[in-house]
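Here is what each chain is made of, one letter per residue.
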Amino acid sequence: MGILRTIKSDYEMYENHSLECFVAIERDDCKQIKAYHKANKGKKPLPSQKIKGYQFIMDEEFESLKIDFSKEMRFEIRDLVKVKM
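Everything numeric in this text was worked out from a predicted model, so none of it was measured. (Residues numbered from 1 in each chain as written. Predicted model: local features only at pLDDT ≥ 70, side-chain atom pairs only at ≥ 80, totals over all residues. Heavy atoms only, no water.)

*Asks:* Before we move on, can you summarise the overall build of the chain with the specific residues and values?
*Replies:* Along its length, the chain carries one helix and six strands. Starting at the N terminus, the α and β elements of the chain follow one another as β-β-α-β-β-β-β. Its C-alpha atoms give the chain a radius of gyration of 15 Å, more than 25% over the compact-globule value 12 Å for 85 residues. Its C-alpha atoms give the chain principal-axis dimensions of about 50 × 30 × 20 Å. A total of 85 residues make up the chain; the buried ones form 28% of that total. Total accessible area computed for the chain in this model is approximately 6900 Å², and 53% of it derives from carbon and sulfur atoms. Counting 17 positive and 15 negative side-chain charges, the chain places the averaged centre of each group 12 Å from the other. (Helix = DSSP H or I, 4+ residues; strand = E, 2+ residues; numbered from the N terminus. Rg over C-alpha atoms; globule rule 2.2 N^0.38 Å. Buried < 20%, exposed > 50% of the residue type's maximum accessible area, 1.4 Å probe, protein only. Areas by Shrake-Rupley, 256 points an atom, 1.4 Å probe, with all protein chains shown as cover. Lys, Arg positive; Asp, Glu negative; His and termini not counted. Charge placed at Lys NZ, Arg CZ, Asp CG, Glu CD.)

*Asks:* With reference to specific residues and values, describe the nonpolar core.
*Replies:* By size, the foremost hydrophobic cluster in this structure holds 11 residues: Tyr14, Cys21, Val23, Ile25, Cys30, Ile33, Tyr36, Ile51, Phe75, Ile77 and Leu80. Elements with a minimum of two residues in this core: β2 (21–26) and α1 (30–39). Once residues lying within four places of it in the same chain are set aside, the contact partners of isoleucine 33 are Tyr14, Ile25, Ile51, Ile77 and Leu80. (Core = buried A, V, L, I, M, F, W, Y, C linked by side-chain atoms within 4.5 Å. Contact = heavy atoms within 4.5 Å.)

*Asks:* So, the side chain of glutamate 76: which residues are in play, and what are the values?
*Replies:* Position of glutamate 76 relative to the elements: it lies in strand β5 (residues 73–76). Judged by its relative accessible area of 14%, glutamate 76 is buried. A distance of 3.4 Å separates a polar side-chain atom of glutamate 76 from the backbone nitrogen of glutamine 49. (Polar contact = N/O pair within 3.5 Å; in protein donor to acceptor, adjacent residues only side chain to side chain.)

*Asks:* How would you explain the pairing of strand β4 (residues 64–67) if you had to name every residue and give the values?
*Replies:* Bridge count between strand β3 (residues 50–59) and β4: four bridges; the pairing is antiparallel. Counterpart to aspartate 59 in the pairing with β4 is serine 64. (Pairing = 2+ DSSP bridges.)

In structure tokens form, the structure reads like this:
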């Protein structure tokens, strides 16, 4: 029997509270999100900073979510919350 391994995705999943949708952000770009939260910790009116990403859409064939790579979007970092899986 073969050994099962987990394959890490190139993207991390976030929830956008203002748009009420799920967003895929590249792992390399996630460093910007961490740096933003660290630099603005404790500040109430969070500054505006955007990051590129892709929105998840419903795949009717498989009845699950998939990343829509057809259009790249920009999201406010202050609206993103990491989804724990």
